[in-house]
Amino acid sequence: MEERDPRTEPKRRIRAAHTADTITVYQAYSPVIGVPAARDGRFPAAWKRDRMTWIKPSFLWMMYRCGWGAKEGQEVVLAVEITREGFEWALRGACLSHYERGFHADRDAWRRELREAPARVQWDPERDLRLAPLPYRSLQLGLAGEAARRYADEWTVSVRDVTPLAREVHGLVRAGDLAAAGRLLPVETPYPEVPGLLDRVRP
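Calculation rules
Residues numbered from 1 in each chain as written. Predicted model: local features only at pLDDT ≥ 70, side-chain atom pairs only at ≥ 80, totals over all residues. Heavy atoms only, no water. Helix = DSSP H or I, 4+ residues; strand = E, 2+ residues; numbered from the N terminus. Contact = heavy atoms within 4.5 Å. Core = buried A, V, L, I, M, F, W, Y, C linked by side-chain atoms within 4.5 Å. Buried < 20%, exposed > 50% of the residue type's maximum accessible area, 1.4 Å probe, protein only. Polar contact = N/O pair within 3.5 Å; in protein donor to acceptor, adjacent residues only side chain to side chain.

Topic: the environment of arginine 92
Note on placement: arginine 92 falls in helix 3 (residues 84-92). As for arginine 92 and arginine 12, which are separated by 80 residues in sequence, their C-alpha atoms are 16 Å apart. Excluding its chain neighbours within four sequence positions, the residues that come into contact with arginine 92 are Val194, Pro195, Leu197 and Arg200.

Things to note about the nonpolar core
Counting residues in each nonpolar core, the largest one holds 35 residues, and the members touching the most others are Phe43, Phe87, Leu91, Val121, Leu141, Leu143 and Tyr151. For this core, the leading source of residues is helix 5 (residues 146-155), giving five residues. Grouped together as the second largest cluster of nonpolar side chains are 18 residues, Ala28, Cys66, Ala79 and Leu131 included.

Re the side chain of threonine 22
Tracing the sequence through the fold places threonine 22 in strand 2 (residues 22-29). Side chain to side chain, threonine 22 and glutamate 81 meet in a polar contact 2.6 Å long. Dropping the residues within four chain positions of it, threonine 22 is found in contact with Glu81, Ile82, Thr83, Arg84 and Val157.

Fair warning: the whole summary comes from geometry, so function is off the table for now.
Structure follows, in structure tokens:
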């Protein structure tokens, strides 16, 4: 796990495992969805494309959210590799999930933006290996409507079941071996700064 100095780390930044063409995000599902998704490398027909779905580039934030894969309905942790083109399309059309005074013109303007946007962004505290909050934040991206459909049927490059990794890391954390646990974490580095990409969602 890369050590970051909270005194110099930007408060809001996308940190992720990424290549020149793809970015990896995490979700957790019940076995009904997670098992066939990992087996087939795509989301099954039972995955509801008309509902909002939240993707997280941070592995440890996903562990916080799903309790290391122990929470009911979140037993299968997936690493979903999607195209950067799709990810950036969603971000360019996204809005913040909450009203921010001084960033939005007013609450009505924010509500209009929220209704029309295909995606929404939350900046949540990043987590350490013990899942305690850190003083800087990571991205959560909510996809709705067209964005959710594109995510499932166009942007997805691969789907992997990383539940065994989650359990192995958790076991080492519980044993107090944080160094070994950290070595197993996915390598997440700052996502390249793209001009204008976060203008609508980084107050």
